[in-house]
Amino acid sequence: MARKKLKVVMLGEGRVGKTSLLHRFVHNSFDEECPSTTKATMYANTKVEVGETTADVSVWDTAGQERYHALGPIYYRDAHGAVLAYDITDKDSFDKVKVWLKELHQVVGENINVVVVGNKCDLERERKVVKKEAEEWAAAHGAQHFLCSAKLGIRVADAFTALVTAIVKSLGTASGVQAGTGNGANAGAYNGGRPASSNQRSKGVKIAPDEGPAREAPPEKKDCSC
Ligand SMILES: Nc1nc2c(ncn2[C@@H]2O[C@H](COP(=O)(O)OP(=O)(O)O)[C@@H](O)[C@H]2O)c(=O)[nH]1
Ligand SMILES: [Mg+2]
């Protein structure tokens, strides 16, 4: 079984739900007040099995610096993938995804794997971003597009596991890939290295608890009706 150490960064405007998406993925929970007040840059460690590969994934979240587009090189350094998030009720946040992708490419190059997440799909009636436009833009940039709700736990695990799967595939089967150390300045263990919650459902992807064998992922909630 090959092992890979991966780094994934959360990108997108403030308030689109990046921290909430990460919490949903790692803890399968949602905090209405939102845990976005801490000052330090943080990351969450989780383990995802993709076929014959175990990926140790560090997902890095911002500490609010995205509001000034001032994430800095440590945040991006050695990233294998990015979750580009926008809020479906906020057109500007979708327009800014384009800026985030440009910045990402400038810092780490264009080979990085990306998924685009339209978050807050529970607020479909307040939608301001044209779904087709977002899907087409993502496809034109080689990225999968997911409509998610961190609040209701819709397709969040799908988005993350699709990204990890794409990264693992793009890296091939070579083992011992070195990625973000997860020890960058200002970083702190977000979840104490605990495994992601069991809300994964992508086929062929298993979440492996640190202390035991991998298990088949139980189903996540079904798609948004949007
Ligand atoms: N309705 C709804 N609200 C959400 C969702 N995800 C996050 N929020 C809310 O959006 C706000 C910003 O979320 P947060 O995760 O802090 O965004 P960040 O600044 O991008 O990290 C908070 O009030 C969250 O409760 C969602 O899927 N649906
Ligand atoms: Mg946040």
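Here, the structure is the one placed above.
Here the structure is a predicted model, which is why all the values come from computation and not from measurement.

## Observations regarding the environment of Ile112
For Ile112, the location among the structural elements is in the loop between helix H3 (91-108) and strand S5 (113-119). A residue is classified by how many C-beta atoms lie within 10 Å of it, and Ile112, with 19 of them, is partly exposed. Between the C-alpha atom of Ile112 and that of Asp78, which follows or precedes it by 34 residues, the distance is 9.9 Å. Beyond its immediate sequence surroundings of up to four residues, Ile112 is in contact with Ala79, His80, Gly81, Ala82 and Leu104.

## Let's talk about the nonpolar core
One recurring pattern in soluble globular proteins: nonpolar side chains tend to sit buried together. If you look at the biggest cluster of nonpolar residues, it comprises 55 residues, and the most contacted ones within it are Val8, Val83, Leu84, Val117, Cys148 and Val164. Residue contributions to this core peak at eight residues, all from helix H5 (residues 156-171). In this structure Val164 touches Leu6, Val48, Val50, Ala55 and Val57, once residues within four positions along its chain are discounted.

## Section: unusual backbone geometry
Excluding glycine, residues mostly have negative phi values, and the peptide bonds linking residues are mostly trans. For Arg15, which is not a glycine, the phi torsion comes out positive at approximately 80°. Mapped onto the elements of the fold, Arg15 is located in the loop between strand S1 (2-12) and helix H1 (18-27). You will see that Asn28, though not glycine, has its phi angle at about 50°, which is positive. On the secondary structure map, Asn28 appears in the loop between H1 and strand S2 (42-50).

Cut-offs applied
Residues numbered from 1 in each chain as written. Chains lettered and ligands numbered in written order. Predicted model: local features only at pLDDT ≥ 70, side-chain atom pairs only at ≥ 80, totals over all residues. Helix = DSSP H or I, 4+ residues; strand = E, 2+ residues; numbered from the N terminus. Buried ≥ 20, exposed ≤ 12 C-beta atoms within 10 Å, placed from the backbone. Contact = placed C-beta atoms within 7 Å. Core = buried A, V, L, I, M, F, W, Y, C linked by C-beta atoms within 7 Å.

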